[in-house]
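# Topology and contacts: notes
Chain by chain, the residues:
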Amino acid sequence: MKTLSFCLILMCTAGIFVGCGGASDAPVTYPVSGKVTLDGEPLAEGNIIFRDAAEKAASAAGKIENGEFSFEAVAGKKAVVITATREVPGKTVVGGAPDEPPVPAIEQYIPATYNEKTTLEAEVSDSGANEFTFELKSK
């Protein structure tokens, strides 16, 4: 009985060590950060997405706050998408259910050339600083 108990403990212990040392399937990511301005002023808030230009790696995204962003992305060439929305003063849209009151209308105020039809690019490096500045124009 003692031999059986010892063998079971030994096998469980070995199983723990074998299961803890494997390589991760997760891709290696690198810190990216930077600044976003709109017409020379820091973008108050918005979202930024780094899409893999070759469409082989997952996209990475972060929040823009006070013109700054920081997140992690896989190395490589990226198409950059920047969005920001705001309420349209005095305009409302019908709520989701028939008995819900109207809600404020929201608009995307960053030009399409920076999101839906982006022309922005970035190259995330596996060495060195990945700091980017995007100077957007409203017109």
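The structure under discussion appears in the preceding block.
Residues numbered from 1 in each chain as written. Predicted model: local features only at pLDDT ≥ 70, side-chain atom pairs only at ≥ 80, totals over all residues. Heavy atoms only, no water.

### Observations regarding the overall build of the protein chain
Scanning the protein chain from terminus to terminus reveals one helix and ten strands. Helices and strands in the protein chain line up, N terminus first, as α-β-β-β-β-β-β-β-β-β-β. Within the protein chain, residue pairs in contact and separated by at least 24 positions form 62% of the contacts whose partners lie at least 6 positions apart. In the form shown here, the protein chain has an accessible surface area of approximately 9700 Å², with 57% of it arising from carbon and sulfur atoms. (Helix = DSSP H or I, 4+ residues; strand = E, 2+ residues; numbered from the N terminus. Contact = heavy atoms within 4.5 Å. Areas by Shrake-Rupley, 256 points an atom, 1.4 Å probe, with all protein chains shown as cover.)

### Things to note about the pattern of salt bridges
This structure, assessed with the given rule, holds four salt bridges. K77 serves as the salt-bridge partner of E121, at 3.7 Å between the closest nitrogen and oxygen. Here K77 lies in strand β6 (residues 76-83) and E121 lies in strand β9 (residues 120-124), a separation of 44 residues in the sequence. Here R86 makes a salt bridge to E107, at a shortest N to O gap of 2.8 Å. You can see R86 sitting in strand β7 (residues 85-93) and its partner E107 sitting in strand β8 (residues 103-108), a full 21 residues away along the chain. Residue classification places R86 among the partly exposed positions, given a relative accessible area of 42%. By relative accessible area, which is 29% here, E107 ends up partly exposed. (Salt bridge = Lys/Arg side-chain N within 4 Å of Asp/Glu carboxyl O. Buried < 20%, exposed > 50% of the residue type's maximum accessible area, 1.4 Å probe, protein only.)

### A look at the packing of aromatic side chains
One pass over the structure, following the stated rule, counts six aromatic pairs. Seen from their ring centres, F132 and F134 are 6.3 Å apart, and the 20° between their planes marks the pair as stacked. Classification of F132 by relative accessible area gives buried; the value is 13%. A residue is classified by how much of its surface remains accessible, and F134, at 5% relative accessible area, is buried. (Phe/Tyr/Trp six-rings, centres within 6.5 Å; stacked < 30°, edge-to-face > 60°.)

### Concerning the nonpolar core
Within the largest apolar cluster, 22 residues are counted, with the highest numbers of intra-cluster contacts made by I48, F50, F69, I82, F134 and L136. Secondary-structure elements contributing two or more residues to this core are β1 (29-38), β3 (45-52), β4 (60-65), β5 (68-74), β6, β9 and β10 (131-136). With sequence-adjacent residues up to four places away left out, I48 is seen in contact with A60, A61, G62, I64, F69, F71, V80, V81, I82 and F134. (Core = buried A, V, L, I, M, F, W, Y, C linked by side-chain atoms within 4.5 Å.)

### Quick look at the environment of D52
Along the chain, D52 falls in strand β3. Residue D52 is classed as buried on the basis of its relative accessible area, which comes to 12%. Sequence spacing of D52 and E121 is 69 residues, and the spatial spacing of their C-alpha atoms is 10.0 Å. Apart from the residues lying within four places of it in its own chain, the contact partners of D52 are A57, K77 and K78. Polar contacts involving the side chain of D52 include one to the main-chain amide nitrogen of A57, which spans 3.2 Å. Of note is the side chain of D52, whose polar atom sits 3.4 Å from the side chain of K78. (Polar contact = N/O pair within 3.5 Å; in protein donor to acceptor, adjacent residues only side chain to side chain.)

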